[in-house]
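Examination of the molecular architecture
Below are the chains, spelled out letter by letter.
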Amino acid sequence: MLLTCGLSCPVLAAAKDGAVALAIVNPGGPDAGAEGSKLAAELAAHLAASAGIAPAKLRAAYFNQTASALTYLKKHKEAFVLGGLGVFLGQRKALKLVPLARLVGKTGGDEEFSVVVRKGRYASLQELRGKTLLGSVLADDARYVDRFAFGGKLEASKWFRCMPSERPLSALRKLAADEVDAVLLNRVQLEALRPMPLFEKLQVLHSSGPVPTVGLMMTATPRTRALRDKVVQAVSKLCGAEKAAPVCQTYGITGFEPMSEDALAEAIKTYEKR
Amino acid sequence: MALPAAPSPVVSAEQTPEQLAASAATNCRLLAAPAERTWGLAAARAAHARAPAARAAALALARCAHLAADLEKDEARVIALAEEGMTVLAQAHLPPGDAEAAYLHALNLGLFVRSRGMTAVGRLGDLVALLKVAGEKPALDQGGPLRVLGLLYVKAPSWPLGPGDLEAAIELLERAARDYPEHPLNHLYLAYALLDAGERERAREEIGRARELCTAQRFGEWAAHWRDEIEQLLARAR
């Protein structure tokens, strides 16, 4: 019995308990409502088909707040998570997260954060002390923002008056209208801003430099480990698939590259350094 | 030429494309009976088959196809009807600034995108472009171009990933509700935007207005569908 069972037994036993979760966690992202849930469900159905998993066994959920994602993931302990480095570092220990694949976008395989201000208004981060800072990035893990967006040189929540915003374009309009002092952007947002007339009034005051990324991770359980290769392969092929390619194009994703479990060791050190 | 009883969707060979298109336009409306709309669709198809480049025939068929698709439950039929509506407009080679054609194209493309889901998200940019052209005639369907673009701005992925823009949505939908206050969807869609902006009280007021205006006497079968949507949004707004 033991010999015939091998590695697949835990999978079969766990399968009786229901579906594995596919949680899309995008802190500070749009509140996607019913449309987002539909898109997430379609993505899960596509990945399940591509990975050879029964569609009912991969259940998708979308979150734009870490707290609600955590509540969900504490109930659905067997999960694959599509999310960024902040989610990984912030929840790695609590959820036993393991990185699986790096997200590669049009702008490359790493991230960069920038603080944007009105032209000539401020000359340094020092001058922004006590001022308002808006941005969707601020909804991400606070320690991650401090260590990676600001290189550990300041604690954003104490240095600025932070106002996480779901709508970065709205934040930039307020900045151009002199209603706020600064906006923190990620690389995709900054690249989208550069060709806009709005950027003529603005300037980049601070850049973080390259920050490593992750896109797919899993909670380490026997069942997710058993499914891991299939899911990583399916995700790696995602943007080449006829059905999913338009989604990748819309979201500026070129693809996913498999990564080793220790690929983020340096990032973990930076995050956990006292 | 509205037909009083259930007519057969058979089109006379003697009718000119213009007569068929006019008949289709009369029958393809919200308050028509289902059989009238079926007849209207058949008449529009016949008109377009006889004169593929005729603007009136293309517009009538695009309108009839959209109405049929809007109430259709079978997703494959929805896609087929919406594609038919878009194809006939393309075949008519109408000028790109034709606001009514752009509006009807957008209505069909909207249903197509909704039904195709993630495979059609790349078409959202086309939808915005069409609705901006349609905006030259905001009175179509009592603020139709304004409210459809407004709702798209509410529901689409927001900048920088998509055309979603809540501030632009509120501006358009406030204009639609102000200039065309008799259409319930102008108030309902404004409520969606206000709710997303955190203005719950104002959203509830707009939902209340939509509810009062949404009667079967004025909007036929569509009233029941819109009422369901109104009740769902009200539950979210509580």
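Residues numbered from 1 in each chain as written. Chains lettered and ligands numbered in written order. Predicted model: local features only at pLDDT ≥ 70, side-chain atom pairs only at ≥ 80, totals over all residues. Heavy atoms only, no water.

1. Topic: the domain arrangement of chain B
Residues and elements named next belong to chain B.
- Considered domain by domain, chain B is made up of domain 1 (11–137) and domain 2 (146–238).
- The distance between the C-alpha centroids of domain 1 and domain 2 comes to 24 Å.
- Tallying the contact residues gives 14 residues for domain 1 and 17 residues for domain 2.
- Summed over the shared surface of domain 1 and domain 2, the number is two residue pairs in polar contact (both at pLDDT 80 or more).
- Top element by residues in the side of domain 1 that touches domain 2 is helix α6 (residues 124–134). It accounts for five residues.
- Of the residues that constitute the side of domain 1 that touches domain 2, the class distribution is 11 nonpolar, no polar and three charged. (Domains from an automatic or database assignment. Contact = heavy atoms within 4.5 Å. Polar contact = N/O pair within 3.5 Å; in protein donor to acceptor, adjacent residues only side chain to side chain. Helix = DSSP H or I, 4+ residues; strand = E, 2+ residues; numbered from the N terminus. Nonpolar A, V, L, I, M, F, W, Y, C, P; charged D, E, K, R; others polar.)

2. With respect to the pairing of strand β4 (residues 97–105) of chain A
Residues and elements named next belong to chain A.
- Within β4, seven of the nine residues are buried, leaving the element largely enclosed by the surrounding structure.
- As paired elements, β4 and strand β10 (residues 216–219) share four bridges and run antiparallel to each other. Within β10, the residue paired with P99 across the bridge is M217.
- Here β4 pairs with strand β11 (residues 253–258) via five bridges, running antiparallel. Bridging from a neighbouring strand, A101 pairs with P258 of β11. (Buried < 20%, exposed > 50% of the residue type's maximum accessible area, 1.4 Å probe, protein only. Pairing = 2+ DSSP bridges.)

3. Focus: the packing of helix α4 (residues 75–91) of chain B against helix α5 (residues 99–116) of chain B
Residues and elements named next belong to chain B.
- Axis separation between α4 and α5 bottoms out at 9 Å; the angle between their running directions is 155°. With respect to α5, the element α4 is oriented roughly antiparallel. Read as a crossing pair, α4 and α5 show a hand that is left-handed. Where α4 approaches α5, its residues E75, V78, I79, L81, A82, E83, G85, M86 and L89 are matched on the opposing element by A101, L104, H105, N108, L109, L111, F112, S115 and R116.
- In the contact of α4 with α5, the residues fall into 11 nonpolar, four polar and three charged. (Axes fitted to C-alpha atoms, helices over the stretch in contact; angles between N-to-C directions. Parallel < 35°, antiparallel > 145°, perpendicular 65-115°, else oblique. Left-handed = near helix turned anticlockwise from the far one by under 90°.)

4. Focus on the pattern of salt bridges
- Applying the stated criterion across every chain, the model contains 31 salt bridges over all chains.
- A salt bridge links R118(A) to D178(A), with the shortest nitrogen-to-oxygen separation between them at 2.2 Å. Separated by 60 residues along the polypeptide, R118(A) in strand β5 (residues 114–118) and D178(A) in the loop between α8 (168–176) and β8 (182–185) bring together distant segments of the chain.
- Given a relative accessible area of 45%, D178(A) falls into the partly exposed group.
- Residue D165(B) is joined to R173(A) by a salt bridge in which the shortest nitrogen-to-oxygen separation is 2.6 Å. Here D165(B), found in the loop between α7 (144–155) and α8 (166–179), pairs with R173(A), found in helix α8, and the two come from separate chains.
- Taking relative accessible area as the criterion, D165(B) reaches 12% and is therefore assigned buried.
- Judged by its relative accessible area of 31%, R173(A) falls in the partly exposed class.
- Salt bridges sharing common partners tie together R225(A), R228(A), D229(A) and E261(A). (Salt bridge = Lys/Arg side-chain N within 4 Å of Asp/Glu carboxyl O.)

5. Section: the interface of chain B and chain A
- In this assembly, 17 residues from chain B lie in contact with 24 residues from chain A.
- Summed over both partners, the interface of chain B with chain A buries about 1,900 Å², with 64% contributed by carbon and sulfur atoms.
- Along the contact surface separating chain B from chain A lie two salt bridges.
- Between chain B and chain A we count three residue pairs in polar contact (both at pLDDT 80 or more) in total.
- Contributing elements (two or more residues each) for the side of chain B that touches chain A: α5 and α8 of chain B. (Buried area = accessible area lost by both parts, 1.4 Å probe.)

6. Quick notes on unusual backbone geometry
- With omega at 5°, the peptide bond leading from W159(B) into P160(B) counts as cis.
- Relative to the elements of secondary structure, P160(B) occurs in the loop between α7 and α8.
- A positive phi angle, near 55°, is found at K96(A), a position not held by glycine.
- Tracing the backbone shows K96(A) in the loop between α5 (85–95) and β4.
- Unlike most non-glycine residues, H93(B) shows phi in positive territory, near 50°.
- Looking at where H93(B) falls in the secondary structure, it is placed in the loop between α4 and α5.
- By relative accessible area, H93(B) is classed as exposed at 68%.

7. Considerations on the state of the cysteines
- Following the criterion strictly, the structure yields two disulfides over all chains and no others.
- With a sulfur-sulfur separation of 2.1 Å, C239(A) is cross-linked through a disulfide to C248(A). Where C239(A) bonds to C248(A) through sulfur, the torsion about that S-S bond is close to -80°, and the disulfide is left-handed.
- A relative accessible area of 15% means that C239(A) is categorised as buried.
- Sulfur-sulfur distance for the disulfide between C28(B) and C64(B) comes to 2.0 Å. Residues C28(B) and C64(B) are joined through a disulfide that is right-handed, its torsion about the S-S bond being 105°. Here the residue C28(B) occupies a position in the loop between α1 (17–27) and α2 (34–50), and C64(B) occupies one in helix α3 (residues 55–71), the gap between them amounting to 36 residues. Grouping residues by exposure puts C28(B) and C64(B) together as buried. (Disulfide = S-S within 2.5 Å.)

8. Details of the domain arrangement of chain A
Residue and element names in this part refer to chain A.
- When cut into domains, chain A gives domain 1 (2–108 + 212–272) and domain 2 (114–207).
- Taken together, the contact between domain 1 and domain 2 spans 17 residues of the former and 13 residues of the latter.
- When residues of domain 1 are sorted by the area they lose upon contact with domain 2, G28, T107 and Y271 head the list and together hold 42% of the total.
- Joining domain 1 to domain 2, the criterion identifies zero salt bridges.
- Summed over the shared surface of domain 1 and domain 2, the result is four residue pairs in polar contact (both at pLDDT 80 or more).
- When contributions to the side of domain 1 that touches domain 2 are tallied by element, the ones reaching two or more residues are α5 and α12 (265–272).
- Here the side of domain 1 that touches domain 2 takes five residues from α5, the largest share from any one element.
- When grouped by side-chain class, the residues that make up the side of domain 1 that touches domain 2 number seven nonpolar, eight polar and two charged.

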